[in-house]
Amino acid sequence: MASLLRSRWLKPVVFLLCLLPLGLLILRGFQGELGANPIEYITHATGDWTMRFLLITLSITPVRRIAKQPDLIRFRRMLGLFSFFYGCLHLMTWMWLDKFFDPGEMWADVVKRRFITAGMVGFVAMIPLAFTSTRGWIRRLGGRNWQRLHRLIYVSAAAGVVHYYWLVKSDIRLPALYAGILAILLLLRAPFARRQAAVRAGTASG
Amino acid sequence: MLIRKAPEIRYSEVTPKQVYLNRRRFLAGAAGLALAKGEAAGAKLENLRKSEFSTNEPMTPYKDVTTYNNFYEFGTGKADPARNATKFQTEPWQLKVEGHCNNPKTYDTDSLRRLAPLEERIYRMRCVEGWSMVIPWIGYPLAALLKQAEPTDKAKYVAFESYYESRQMPRGRYAGIDLPYREGLRLDEAMHPLTLLCFGLYGDVLPNQNGAPVRLVVPWKYGFKSIKSLVKIRLADKQPSTTWSISNPREYGFYSNVNPQVDHPRWSQASERRIGEFFKRKTLMFNGYGEHVAPLYDGLDLKKNY
Ligand code: HEM
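Predicted model, so just to flag it, every value in this text is computed and none were measured.

Counting secondary structure elements, chain B contains 9 helices and 12 strands. Per-residue burial for chain B yields a buried fraction of 57% across its 306 residues. Partitioning the intrachain contacts of chain B with sequence separation of at least 6 by distance along the chain shows that 73% fall at a separation of at least 24. With the model as given, the accessible surface of chain B reaches about 13600 Å², and the carbon-plus-sulfur share is 53%.

As structure tokens, this is what we get:
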């Protein structure tokens, strides 16, 4: 397992797997299989995958620790960037196919519709993370600051869940499921975060 | 202006429908499902009158009308009802007319359907979610049934109720709304000639997912007012409570007239996407039926009474 995780080939394979939802969406589009309202279908599919990739990214750290597979860290940045990628597609679908780039209408939606406001918060919080995801930026910011900044992913995931909860009309099962998964992922971190804080206090190093 | 070509010609332009129906029949047969006699998918409704209320806009394809539905008793996804309502038993059926009337009565589907001549009405349908369709419904004015019931002076409203039975509709449990589904109209709205008691679409009886065997169609109101699979009509003296306004009173009012000026907290109502079209179009006041229904609301503040 450990050697597999370290394999040179695994990264491109995971990369391609992450593109699969987009590939399937395009394929279905060409087959005319997106249903009666294709634009709604695309909005939902891209929104779903933004949320899922956020949760998958957040699961890397706890799973790494619990399964004792430190090499999983190799995939975290890529998964996070895919979340941003699907988020961009999701936002673009809305800007283009729903609002036809009308700035007035878009602004009105962002300030008036709370589910759009929440979605926007979630998306905007991802931007600095995507921007500073390179090794160069880790160095420039310093590990501690970089880590602190990247806690914004919690904001993004929480805003995504709230966005979803606010947009459903009455059936809240899926947003509740995502909220549950997010809560578990956060709880799994708690003991580790406490230990880390203790270590930091003890060594007083940066 | 309202004269149309013969419907046969227009249906034949929608070839996918026959292909689709045949496939559905084949699948149903293959699965060994016994379809109720005479009520098989695609049973024809004959001798339809035309109506001057019909629009001559292009109709939404049969496949879209029958695979993109909000019918939460069969699931909350748009494609769920078509998948989950295939075994819905609509025979025998009873529709009870009761309340403040001299002539309460219970009808079966057959006697109900024979009550007045069937008409084809091609109506626009505007969903509160911001999409719309053009559908060739079949039915007769609800007024014909209500006149039979002879409402008394006390009757000011009409309350409607859908069928709900958790064994036939196991997904209703997760709908997140109170079931059975309930709707209501003012008596004058219910008596309006546009308000249709509907038994079919595209020349056939209603598919299950579209509200078989009998539903309401109120074309100047958001789609959720057009209640499906009706089992009860009650003439009432007070404004009845309705499912969506119970679930979320801030977002859904009793009237729910299509109104591009009254914004919904979730969706702008200024424009809509006609199913099958890429660009959005402006939403019309009363869904374009203002010349017929605007007088019903003289003196009523439509911003407050949304
Ligand atoms: C972290 C960022 C975001 C996440 C995780 C996210 C996630 C989601 C999810 C899960 C859905 C529901 C999909 C379904 O029903 O299957 C959705 C729908 C939607 N999202 Fe987002 N979203 C985000 C940001 C945004 C932004 C920035 C906008 C626009 C400004 C937006 C606009 C929409 C719209 C219009 C819908 C469809 C609403 C409807 O069907 O009524 N989202 N999103």
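Attention now goes to empty space enclosed by the protein. Residues and elements named next belong to chain B. Within the structure shown, the criterion is met by 1 cavity of 30 Å³ or more. If you add up the space inside the largest cavity, you get close to 380 Å³. For the largest cavity, the lining is made up of 26 residues, of which N70, F71, G223, F224 and K228 are closest to its centre. Here the residues of the lining of the largest cavity are counted per class, giving 16 nonpolar, 6 polar and 4 charged.

Turning next to helix α6 (residues 142-149) of chain B. Residue and element names in this part refer to chain B. Taken as a whole, α6 has its buried residues at L142, A143, L145, L146 and A149. Summarising the axial view, the buried residues of α6 lie within an arc of 160 degrees, below the 170-degree limit, and thus occupy one face. Directly beyond the C-terminal end of α6, a positive phi value near 55 degrees is found at E150.

Residue and element names in this part refer to chain A. With the rule as written, the count across this model stands at 0 disulfides over all chains. Unpaired in terms of disulfides, C18 finds its nearest cysteine sulfur in C88, a separation of 15 Å. When its relative accessible area of 4% is taken as the criterion, C18 is described as buried.

Glancing now at the coordination of the iron atom of the ligand. All names here are of chain A. Coordination of the iron atom of the ligand by the protein is provided by H90 (NE2) and H163 (NE2), with metal-donor distances spanning 1.9 to 2.0 Å. Coordination at the iron atom of the ligand is octahedral: its 6 donor atoms span angles of 86 to 178 degrees at the metal. A residue pair is termed long-range when its members are at least 10 positions apart, and H90 in helix α4 (residues 76-98) and H163 in helix α9 (residues 152-167) qualify at 73 residues.

Bringing the pattern of salt bridges into the picture now. Tallied over the entire structure, the rule returns 29 salt bridges over all chains. With a shortest N-O distance of 3.1 Å, R113(A) and D263(B) are connected by a salt bridge. In this pair, R113(A) sits in the loop between α5 (103-112) and α6 (114-131) while D263(B) sits in the loop between α8 (243-247) and β11 (271-274), so the two residues belong to two different chains. A salt bridge links D301(B) to K304(B); its shortest N-O distance comes to 3.8 Å. On the accessibility criterion, K304(B) (66% relative accessible area) is exposed. Salt bridges here are not isolated pairs; linked through shared partners, they connect E57(B), R124(B), R126(B), E272(B), R274(B), E277(B) and R281(B).

What follows is about the site of the ligand. Within the structure, the ligand sits among 22 residues, and H44(A), D48(A), H90(A), H163(A) and L167(A) are positioned closest to it. Positioned at a junction of chains, the ligand has nearby residues supplied by chains A and B. Between H90(A) and the ligand, the recorded distance is 2.7 Å, taken from a side-chain N or O atom to a nitrogen atom. Between the ligand and W267(B), the relevant distance is 3.4 Å, taken from an oxygen atom to a side-chain nitrogen or oxygen of the residue. Of all elements in the fold, only α3 (38-66), α4, α6 and α9 of chain A reach the threshold of two or more residues within the shell around the ligand. A per-element tally of the shell around the ligand places α6(A) first, with 7 residues. Class assignment for the residues of the shell around the ligand results in 11 nonpolar, 10 polar and 1 charged.

We now examine the packing of aromatic side chains. Tallied over the entire structure, the rule returns 30 aromatic pairs over all chains. Each ring, one from F71(B) and one from F74(B), has its centre 5.0 Å from the other, and the planes form 90 degrees; the classification is edge-to-face. In this structure, F71(B) and F74(B) share a single accessibility class: buried. An angle of 85 degrees between the planes, with centres 6.0 Å apart, marks the rings of Y255(B) and Y297(B) as edge-to-face. With Y255(B) in the loop between α8 and β11 and Y297(B) in the segment after α9 (290-293), this residue pair connects regions lying 42 residues apart in the sequence. Across the pair, Y297(B) and Y255(B) agree in class, each one buried. One aromatic cluster is present, formed by F15(A), W49(A), F53(A), F82(A), F85(A) and Y86(A) through successive ring pairs. The aromatic ring of F254(B) is capped on one face by K225(B), whose charged end is 4.6 Å from the ring centroid. The ring of F71(B) carries the charged tip of K228(B) above its face, separated from the ring centre by 5.4 Å.

Turning next to the interface of chain B and chain A. Note on interface size: it is often stated as the accessible area lost on association of the parts. Between chain B and chain A, the residue contacts involve 26 residues of the former and 18 residues of the latter. For the pair chain B and chain A, the two sides together bury roughly 1900 Å², of which 47% comes from carbon and sulfur. Counting the surface chain B buries against chain A, the share from its top three residues, R266(B), R273(B) and F278(B), is 30%. In this assembly, chain B and chain A are joined by 14 residue pairs in polar contact (both at pLDDT 80 or more).

The rules behind each value
- Residues numbered from 1 in each chain as written.
- Chains lettered and ligands numbered in written order.
- Predicted model: local features only at pLDDT ≥ 70, side-chain atom pairs only at ≥ 80, totals over all residues.
- Heavy atoms only, no water.
- Helix = DSSP H or I, 4+ residues; strand = E, 2+ residues; numbered from the N terminus.
- Buried < 20%, exposed > 50% of the residue type's maximum accessible area, 1.4 Å probe, protein only.
- Contact = heavy atoms within 4.5 Å.
- Areas by Shrake-Rupley, 256 points an atom, 1.4 Å probe, with all protein chains shown as cover.
- 1 Å grid on protein atoms, 1.4 Å probe; cavity = no way out; pocket = protein on both sides within 12 Å on 5 of 7 lines; lining within 4 Å.
- Points joined across faces, edges and corners; volume = space filled by probe spheres on them.
- Nonpolar A, V, L, I, M, F, W, Y, C, P; charged D, E, K, R; others polar.
- Arc of directions from axis to C-beta.
- Disulfide = S-S within 2.5 Å.
- Donors = N, O, S within 2.8 Å, 3.2 Å for Na, K, Ca; no water.
- Tetrahedral: all angles 85-135°; square planar, octahedral: opposite > 155°, others 65-115°.
- Salt bridge = Lys/Arg side-chain N within 4 Å of Asp/Glu carboxyl O.
- Near = heavy atom within 4 Å.
- Polar contact = N/O pair within 3.5 Å; in protein donor to acceptor, adjacent residues only side chain to side chain.
- Phe/Tyr/Trp six-rings, centres within 6.5 Å; stacked < 30°, edge-to-face > 60°.
- Lys NZ or Arg CZ within 6 Å of the ring centre and 35° of its normal.
- Buried area = accessible area lost by both parts, 1.4 Å probe.

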